[in-house]
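Fold and contact review
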Amino acid sequence: MEYSGEIPVKSTLNDVRIFLSKIENITPCLPGIYDFEIEGNEIKCKLKLDISAAGISAMNTVTGKMTFTYLPGDEGLNIQGSGRIAGSKVKFSIEIAYATDNGNTVLHWKSSFDFGLIVKIMGKNKVDEISKQNIERTVNCISNRLN
């Protein structure tokens, strides 16, 4: 599954670079992450995701463990990760490029997720809906922190 979008922010390009250079600045925006350890550019964490939007009465959350690399640079940020959620292997990639557009700073982001068996169990439409809700929360949080 692939997603993309833009986040216009009021911060300068340099302030965005500084902000995104530290994982600690965005971990509060990442859905469900807790108990994370940082070892250089590698982050290990546990997560508990709200999946109530799926409408499965017996299951409102799923838990998992993820490991990902966080590689900030002058032109953008690259995050690659994998782990297990609800017993299913999951892989993801997130790229954020930052640039100036007519004097404004814009974050151009794209992501891809391989949810493994979760898609088969829950169905593509429900996983897509849950993903979009979590992405929207994350984008709004990052935008608010940079504005």
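1. Points about the confidence of the model for the protein
Summing up the model confidence of the protein, the mean pLDDT is 87 and the portion of residues at 70 or higher is 99%. Across the protein, helix α1 (residues 13–20) holds the top mean pLDDT of 93, while helix α3 (residues 117–122) sits lowest at 72.

2. Looking at the environment of F36
If you trace the backbone, F36 turns up in strand β2 (residues 33–39). Sequence separation between F36 and N14 is 22 residues; the distance between their C-alpha atoms is 27 Å. Ignoring any residue separated from it by four or fewer positions in sequence, one finds F36 in contact with T27, I43, K44 and C45.

3. Quick look at the nonpolar core
By size, the foremost hydrophobic cluster in this structure holds 39 residues, and its most contacted members are L20, Y70, I85, Y98 and L107. Per-element accounting of this core gives the leading share, 6 residues, to helix α4 (residues 124–146).

4. Topic: the state of the cysteines
Under the definition given, this model contains 1 disulfide. Summary of cysteine pairing: C45 is not part of a disulfide, and the nearest cysteine sulfur, belonging to C29, is at 14 Å.

5. Some thoughts on the sheet that holds strand β3 (residues 42–50)
Read across the open sheet, the 7 strands follow the order β1-β7-β6-β5-β4-β3-β2; overall the sheet is antiparallel. At either end of the open sheet lies a strand with only one pairing partner, and these are β1 (2–9) and β2. Shown here is a sheet whose adjacent strand axes are inclined to one another by a mean of 20 degrees, direction ignored. In terms of strand pairing, β2 meets β3 through 5 bridges, oriented antiparallel.

6. Let's talk about the side chain of S88
Looking at the element boundaries, S88 is found in strand β6 (residues 88–101). A distance of 3.2 Å separates a polar atom in the side chain of S88 from the backbone oxygen of F115. Filtering out sequence-adjacent residues up to four positions away, S88 remains in contact with G83, F115, G116, L117 and I118.

Reading the values: rules and limits
Residues numbered from 1 in each chain as written. Predicted model: local features only at pLDDT ≥ 70, side-chain atom pairs only at ≥ 80, totals over all residues. Heavy atoms only, no water. pLDDT = per-residue confidence, 0-100. Helix = DSSP H or I, 4+ residues; strand = E, 2+ residues; numbered from the N terminus. Contact = heavy atoms within 4.5 Å. Core = buried A, V, L, I, M, F, W, Y, C linked by side-chain atoms within 4.5 Å. Buried < 20%, exposed > 50% of the residue type's maximum accessible area, 1.4 Å probe, protein only. Disulfide = S-S within 2.5 Å. Pairing = 2+ DSSP bridges. Axes fitted to C-alpha atoms, helices over the stretch in contact; angles between N-to-C directions. Polar contact = N/O pair within 3.5 Å; in protein donor to acceptor, adjacent residues only side chain to side chain.

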